[in-house]
Amino acid sequence: AFMNKSSLESVVIGNNVKKIGNYAFRNCYNLTSVTIGNSATFIGNYAFQNCYSLTSIIIPDNVTSIDKSAFRGCSALTSITIGKGVTSIKERTFEGSALVSIDIPDNISWIGSYAFESCPTLTTVCIGNGVTSIGECAFSECTALASITIGSGVTTIGERAFFKCPALTSVIIPDNVTKIPKEAFYKCVALTSVTIGNGVTSIKDNAFEKCSALTNVSIGNSVTSIGQQVFFDCTTLPSIVIPDNVTSISNSAFENCSSLSSVRLGNGLKYIAYKTFANCSSLTSIIIPDNVSGIGEKAFYECEDLVSVKISE
């Protein structure tokens, strides 16, 4: 309806309007002010995409659906109020916006893929207890994101959800989450503390790779598998306790953890894979549990300070 109207600066949408259609105000580059009437129930795909001058928006309580990319590329958007009727934040809804903080209310049940990707000023996120799913790359490359609170209702975190968030300092994975996916916190270089809830059964490949400030990791008792390069290049990690339920640790899981001096391997472990602890140059001793039937090639390659090894019969 108003797509590409670069002269448009202000819009008041009346109370009888129930739907804002797809692309309705897309590329209205000078649009600074939008008031949405109380009867609106639907905001369509790309409805306000690339409205570069829009600074704030209030979504009324009657709105139940904000479709994908609705505010994508709104690079001046610093404030958003999400009404009580909205049930989901869809794919790329606020990608590239200027939001500083965001509270996801309990009425939201899921956050779509790339929903807040590359929001360079976003510092704080609080995800409500009603959210059950965080999509792929939902907060990836949010370079200022320092604090994230994940609600207790979350069961699923998508791949690369917090990929390359270099200001993030700590994270607590709640007990309802069942797995930490591939590259979930890859290269979060300021991350110092990770607590993994007791509902998590697997930590997938590269989940915490290159988290070079990591000093404290607590792995929940339900974890059974640790993927490839999960803690690769976590060069400040001093110690790790592998729970007894873990049966497999994949290739290079702790490779290049050069500060790792203390390792406790759980009694359920069956195999130590290729390069699992390669280049852990501070490791001085290791006890191989009785259930381990094999040690892979280069498992302790270049562990220069390793002086004591106990291997079961």
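Since the structure is predicted, the reported quantities are computational estimates derived from the model, not experimental observations. Throughout this document, residue positions are counted from 1 along each chain, in the order its sequence is written. Whole-chain, interface and lining totals are the exception, using all residues; otherwise, since this is a predicted model, local features are given only for residues with pLDDT of at least 70 and side-chain atom pairs are given and counted only at 80 or more. By convention in this description, side-chain values take in all heavy atoms of the structure and omit both hydrogens and water.

Secondary structure assignment for the protein yields zero helices and 27 strands. Across its three principal axes, the protein shows a C-alpha extent of roughly 80 × 30 × 25 Å. Residue contacts are counted whenever heavy atoms from the two residues lie within 4.5 Å of one another. Sequence-distant contacts, at least 24 apart, represent 21% of the contacts inside the protein between residues at least 6 apart. Here, Shrake-Rupley sampling with a 1.4 Å probe gives the accessible areas, and only protein chains in the shown set may cover a residue. Working note: accessible area of the protein is about 12800 Å², and carbon and sulfur atoms make up 45% of it. A distance of 9 Å separates the average location of the 21 positive side-chain charges in the protein from that of its 24 negative side-chain charges. To qualify as a helix, a DSSP run of H or I must reach at least 4 residues; to qualify as a strand, a run of E must reach at least 2; elements of each kind are numbered from the N terminus. Positive: Lys, Arg. Negative: Asp, Glu. His and the chain ends are not part of the count. A single reference atom marks each charge: NZ on Lys, CZ on Arg, CG on Asp, CD on Glu.

Structurally, Val 171 is set in strand E15 (residues 170-173). When a residue's accessible area, from a 1.4 Å probe over protein chains only, is under 20% of the maximum for its type it is buried; when over 50% it is exposed; and in between it is partly exposed. Taking the relative accessible area as the measure of exposure, Val 171 reaches 2% and is therefore buried. In this structure, the C-alpha to C-alpha distance between Val 171 and Ala 146, residues 25 residues apart in sequence, is 9.9 Å. Residues within four places of Val 171 in sequence aside, it is in contact with Ile 148, Ile 150, Phe 185, Leu 191, Ser 193, Val 194 and Thr 195.

Within the open sheet, the six strands sit side by side as E16-E18-E20-E22-E24-E26. Their pairing is parallel. Only two strands of the sheet have a single neighbouring strand rather than two, namely strand E16 (179-180) and strand E26 (294-295). For two strands to count as paired, DSSP must find a minimum of two bridges between them. For strand E18 (residues 202-203) and strand E20 (residues 225-226), the ladder comprises two bridges, and the chain directions are parallel. If you follow Ile 203 over to E20, its bridge partner there is Ile 226.

Consider a sheet: its strands pair through backbone hydrogen bonds, and that pairing is either parallel or antiparallel. As summarised here, the arrangement of the three strands in space is E15-E17-E19, forming an open sheet in which the pairing is parallel. Each end of this open sheet is capped by a strand with a single partner; those strands are E15 and strand E19 (216-218). Strand-to-strand, the axes of this sheet are offset by a mean angle of 0°, without reference to chain direction. Of the strand pairs in this sheet, E15 and strand E17 (residues 193-196) are connected by four bridges, and their pairing is parallel. Within E17, the residue paired with Ile 172 across the bridge is Thr 195. Lines fitted to C-alpha atoms define the axes, with helix axes restricted to the stretch in contact, and inter-axis angles between N-to-C directions lie between 0 and 180 degrees.

The next point concerns the side chain of Ser 65. Inspection of the secondary structure assignment puts Ser 65 in strand E6 (residues 65-66). Under the relative-accessibility criterion, Ser 65 is labelled buried at 13%. Here the side chain of Ser 65 touches Lys 90 through a polar contact of 3.3 Å, side chain to side chain. Apart from residues no more than four positions distant in its own chain, Ser 65 is found in contact with Thr 41, Phe 42, Ile 43 and Lys 90. Any pair of N or O atoms that falls within 3.5 Å is considered a polar contact. Within protein, one atom must be able to donate a hydrogen and the other to accept it, and sequence-neighbouring residues count only if both atoms are side-chain atoms.

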